[in-house]
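# Examination of the molecular architecture
What follows is each chain in one-letter form.
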Amino acid sequence: MKVIAINGSPRKNWNTDTLLKKTLEGAASVGAETEIVHLYDLTFRGCVSCLACKLQNGKSLGRCVLKDDLSPVLARLHEADAVVMGSPIYFSEVTGEMRCFIERFVFQYLNYDNFSQPLSPAKKTAMIYTMNCPEEMLDKIGYTAMFKRYEDIMIRFFGNCTPLLSTNTMQVKDYSRYHLGAFDADAKKLRHETVFPQDCQKAFDLGVQLAASK
Ligand SMILES: Cc1cc2nc3c(=O)[nH]c(=O)nc-3n(C[C@H](O)[C@H](O)[C@H](O)COP(=O)(O)O)c2cc1C
């Protein structure tokens with residue numbers, strides 16, 4: 001059982017990375033082999049629409065042929081039993097790197113002959129999102145619909161997707177050093193000390209769940 005985490009945050013050891021590592025800890029606790037990939041350490045592009053993954057009689061059918069730092073990652077993901085993707089929300093979306101990753105990861109498996117029969121291997125998937133946005137605003141500003149869109153994509157290609165949200169995150173350790181006056185620094189700190197550990201526990205449990213069943 002191999003579980004791979006994809007970190008779509010540029011910041012290591014911050015909210016997204018921490019939750020992904022907790023997920024992998026959970027997976028490892030039940031015997032899974034784990035790996036984390038930091039997208040911001042890689043040089044890669046999104047899909048370039050070469051359509052080599054759709055060529056008639058092509059040996060690249062269903063596989064991305066673009067050669068860059070993401071190529072070996074896509075190869076390992078193809079074989080993996082589970083993938084957990086994590087991203088901060090930037091301007092109401094996943095980060096650009098995560099978006100480029102998803103294009104490359106998923107488009108290769110899209111079957112233009114028959115949309116309902118993707119070329120993807122079975123895999124457990126999960127999406128972790130971290131954001132400044134408080135939970136009560138998610139519906140109102142369209143985030144719930146955006147999370148559902150990504151969930152639908154993963155379900156369509158891999159048959160399942162478990163989302164995990166970490167809202168109202170602490171963006172910096174010391175708010176007094178920055179022009180971040182719109183935020184209540186004390187409330188952020190308290191939430192980081194009380195709610196974020198619960199999110200970490202949920203991430204750990206998610207890892208156990210990802211590794212437990214195929
Ligand atoms: C460029 C940028 C854009 C952001 N846009 C949003 C946003 O639209 N909505 C939101 O809730 N948080 C937004 N945030 C806050 C981050 O999503 C939040 O701090 C997140 O937890 C950071 O994840 P990290 O700690 O893993 O880096 C933004 C942060 C940055 C740097």
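Each value, and the rule that gives it
Residues numbered from 1 in each chain as written. Predicted model: local features only at pLDDT ≥ 70, side-chain atom pairs only at ≥ 80, totals over all residues. Heavy atoms only, no water. Near = heavy atom within 4 Å. Polar contact = N/O pair within 3.5 Å; in protein donor to acceptor, adjacent residues only side chain to side chain. Areas by Shrake-Rupley, 256 points an atom, 1.4 Å probe, with all protein chains shown as cover. Helix = DSSP H or I, 4+ residues; strand = E, 2+ residues; numbered from the N terminus. Nonpolar A, V, L, I, M, F, W, Y, C, P; charged D, E, K, R; others polar. Contact = heavy atoms within 4.5 Å. Patch = residues over 30% accessible without salt bridge, like charges linked within 9 Å, V, L, I, M, F, W, Y side chains within 5 Å. Salt bridge = Lys/Arg side-chain N within 4 Å of Asp/Glu carboxyl O. Expected span 1.5 Å × (residues − 1). Buried < 20%, exposed > 50% of the residue type's maximum accessible area, 1.4 Å probe, protein only. Axes fitted to C-alpha atoms, helices over the stretch in contact; angles between N-to-C directions. Parallel < 35°, antiparallel > 145°, perpendicular 65-115°, else oblique. Left-handed = near helix turned anticlockwise from the far one by under 90°.

Let us look at the site of the ligand. In the vicinity of the ligand lie 17 residues, with N15, T16, I89, Y143 and T169 positioned nearest. Within the side chain of R11, an N or O atom sits 2.9 Å from an oxygen atom of the ligand. Note that an oxygen atom of the ligand is positioned 2.6 Å from one of the backbone N or O atoms of I89. Computed on the free molecule, the ligand has an accessible area of 640 Å², of which 81% lies beneath the protein chains in the complex. Elements represented by at least two residues in the shell around the ligand include exactly α1 (15-29) and β3 (82-90). The element best represented in the shell around the ligand is β3, accounting for three residues. Classifying every residue of the shell around the ligand gives eight nonpolar, eight polar and one charged.

What follows concerns the side chain of T125. Tracing the chain through its elements places T125 in strand β5 (residues 124-130). Here the side chain of T125 touches N160 through a polar contact of 2.7 Å, landing on its backbone oxygen. With residues near it in sequence (within four places) discarded, T125 still touches V83, M85, M154, F158, N160, C161, T162 and L210.

The grouping of Y40, Y90 and F91 at the surface amounts to a nonpolar patch, some 390 Å² of accessible area in total. In this structure, Y40 sits in the loop between β2 (33-38) and α2 (70-79).

Another point: helix α3 (residues 96-107). With 12 residues, α3 extends 16 Å from end C-alpha to end C-alpha; this agrees with the ideal 16 Å at 1.5 Å per step. Residues of α3 that are buried include every one of M98, F101, I102, R104, F105, V106 and F107, and no others. Tucked inside the fold, the buried residues of α3 contact β1 (2-7), α2, β3, β4 (93-94), β5 and α4 (143-158).

By secondary structure assignment, the location of L70 is in helix α2. Relative accessible area serves as the criterion here: at 0%, L70 is assigned to the buried category. When the C-alpha positions of L70 and C161 are compared, they lie 22 Å apart, and in sequence the two are 91 residues distant. Once residues lying within four places of it in the same chain are set aside, the contact partners of L70 are L39, L42, F44, F101 and R104.

Axes are the key here: two packed helices are described by the angle between their axes and the distance separating the axes. Look at α3 against α4: their axes get within 12 Å of each other, and the N-to-C directions meet at 20 degrees. Taken together, the axes of α3 and α4 are roughly parallel relative to one another. The hand of the α3/α4 crossing is left-handed. Where α3 approaches α4, its residues R99, I102, F105 and V106 are matched on the opposing element by Y150, I153, M154, F157 and F158. Classifying every residue of the contact of α3 with α4 gives eight nonpolar, no polar and one charged.

From the geometry alone we can't say anything about function, so treat these as descriptive.
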